Amino acid sequence: AQSVTQLDSQVPVFEEAPVELRCNYSSSVSVYLFWYVQYPNQGLQLLLKYLSGSTLVKGINGFEAEFNKSQTSFHLRKPSVHISDTAEYFCAVSQDYKLSFGAGTTVTVRA
Amino acid sequence: DTAVSQTPKYLVTQMGNDKSIKCEQNLGHDTMYWYKQDSKKFLKIMFSYNNKELIINETVPNRFSPKSPDKAHLNLHINSLELGDSAVYFCASSQQAGSQETQYFGPGTRLLVL
C-alpha cells in the first residue's frame, strides 16, 4: 500500500519569496505522483504530475516539482510567490486507480 | 459551462435524515469519483464508477450508496445521517480509469449534520 507524508502542515511566506513544499511517499512499486491545489472554498485543481521520464516536472502558475526516487520525494517549488498562491496544497500518489492524498500544506502568502 | 458541477453547494440537516448529493460532468469522461474531506482537510476516496460500473468501494458505511444513471452523472445518497458525516464531499471525474489520469474536481458540497 502507498502513503504520502507532507512534512509541513503550514508554510507562511512573504510575497515574491521562494517556497518549497515537501512531500515523501512510500510504495513498494512504481507510482505516479501529483500535486493539487485547493483555493479557499473551491475544489482541487491539478498543478502538475509525474508519470515517467524527466524528473523535473513543470506545472501551471510557475510551479515545478522534482521526483527523487532514491529519497522517495516529490517536493514542490516556486521561485517567487504571489498573494494569489495562498491555498492548500496536496501531494498525492496514484496506484490501482486510486489517489491517496497527503494531509495538505497550508501556504499563506503575506505582503 | 462548469466542467464538474455538484448540487447542492451547502446542505444543513438533522441527524437521522436521508439526503442526496448530485454530480454532473460535461467533459465526456468515463470515470467518476466521490471523495470526503474532513474538518482537518484530509481527503479520502469513497467510491469510483467507470462507465456506470462500480470499480472502487472503500471502507464506507452501508448508509452511503452511490448511483450512476449514466456516464455523466454520479449521485451520492446518504441514509440515517450521523454527526460524523459532516464534511465536504467532492465529486471528480477522469477521462478513463487509470492511475495516470488527471482527476477534475467539482466545487464540493458542504454537509453539516446537526
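The rules behind the values
- Residues numbered from 1 in each chain as written.
- Chains lettered and ligands numbered in written order.
- Predicted model: local features only at pLDDT ≥ 70, side-chain atom pairs only at ≥ 80, totals over all residues.
- Heavy atoms only, no water.
- Disulfide = S-S within 2.5 Å.
- Helix = DSSP H or I, 4+ residues; strand = E, 2+ residues; numbered from the N terminus.
- Buried < 20%, exposed > 50% of the residue type's maximum accessible area, 1.4 Å probe, protein only.
- Pairing = 2+ DSSP bridges.
- Salt bridge = Lys/Arg side-chain N within 4 Å of Asp/Glu carboxyl O.
- Axes fitted to C-alpha atoms, helices over the stretch in contact; angles between N-to-C directions.
- Patch = residues over 30% accessible without salt bridge, like charges linked within 9 Å, V, L, I, M, F, W, Y side chains within 5 Å.
- Areas by Shrake-Rupley, 256 points an atom, 1.4 Å probe, with all protein chains shown as cover.

Quick look at the state of the cysteines
Part 1 of the argument: Under the counting rule described, the total for this entry stands at 2 disulfides over all chains.
Part 2 of the argument: What pairs with C23 of chain A in a disulfide is C91 of chain A, and their sulfur atoms sit 2.0 Å apart. Sign of the S-S torsion, about -70 degrees for the bond between C23 of chain A and C91 of chain A, identifies this disulfide as left-handed. Placement of C23 of chain A in strand 4 (residues 23-26) and of C91 of chain A in strand 10 (residues 87-95) is noted, with a sequence separation of 68 residues between them. Of the two residues examined, C23 of chain A and C91 of chain A, each falls in the buried class.
Part 3 of the argument: Here C23 of chain B engages in a disulfide with C91 of chain B; their sulfurs sit 1.9 Å apart. In this structure, the disulfide formed by C23 of chain B and C91 of chain B twists by about -75 degrees around the S-S bond and is classed as left-handed.

Regarding the pairing of strand 10 of chain A
Residue and element names in this part refer to chain A.
Part 1 of the argument: Taking burial as the measure, the 9 residues of strand 10 include 9 buried ones, the bulk of the element.
Part 2 of the argument: The alternating pattern of strand 10 places A87, Y89, C91, V93 and Q95 and E88, F90, A92 and S94 on opposite faces, both of which are buried.
Part 3 of the argument: Bridge count between strand 5 (residues 32-38) and strand 10: 7 bridges; the pairing is antiparallel. In the sheet register, Y36 faces strand 10, and the bridge partner there is F90.
Part 4 of the argument: When strand 10 meets strand 12 (residues 105-110), the two strands line up antiparallel, connected through 3 bridges. Directly across from Y89, in strand 12, lies its bridge partner T105.
Part 5 of the argument: Across 4 bridges, strand 10 lies against strand 11 (residues 98-101) in antiparallel orientation.

A closer look at the pattern of salt bridges
Side-chain pairs of opposite charge can arise whenever the charged atoms involved come near each other.
All names here are of chain A.
Part 1 of the argument: Per the stated rule, a full pass over the model turns up 11 salt bridges over all chains.
Part 2 of the argument: Put simply, K78 and D85 hold a salt bridge, and the shortest N to O gap is 2.8 Å.
Part 3 of the argument: On the basis of relative accessibility, which here comes to 3%, the residue D85 falls in the buried class.
Part 4 of the argument: Salt bridges sharing common partners tie together E20, E66 and R77.

Overview of the sheet that holds strand 3 (residues 19-25) of chain B
Residues and elements named next belong to chain B.
Part 1 of the argument: One open sheet accounts for 4 strands, arranged 1-3-8-7; its pairing is antiparallel. Strands with a single pairing partner mark the edges of an open sheet, and in this sheet they are strand 1 (4-7) and strand 7 (64-70). In this sheet, neighbouring strand axes are inclined to one another by 20 degrees on average, regardless of whether the strands run parallel or antiparallel.
Part 2 of the argument: Sheet topology places strand 3 next to strand 8 (residues 73-78); 4 bridges connect them, and they run antiparallel.

Observations concerning a nonpolar patch on the surface
Residues and elements named next belong to chain B.
Part 1 of the argument: Among the surface-exposed residues, V12, L112 and L114 lie close enough to one another that they form a single nonpolar patch of about 280 Å² accessible area.
Part 2 of the argument: Tracing the backbone through its elements, the reader meets V12 in strand 2 (residues 10-13).
Part 3 of the argument: Among the residues examined, V12 registers a relative accessible area of 56% and is labelled exposed.

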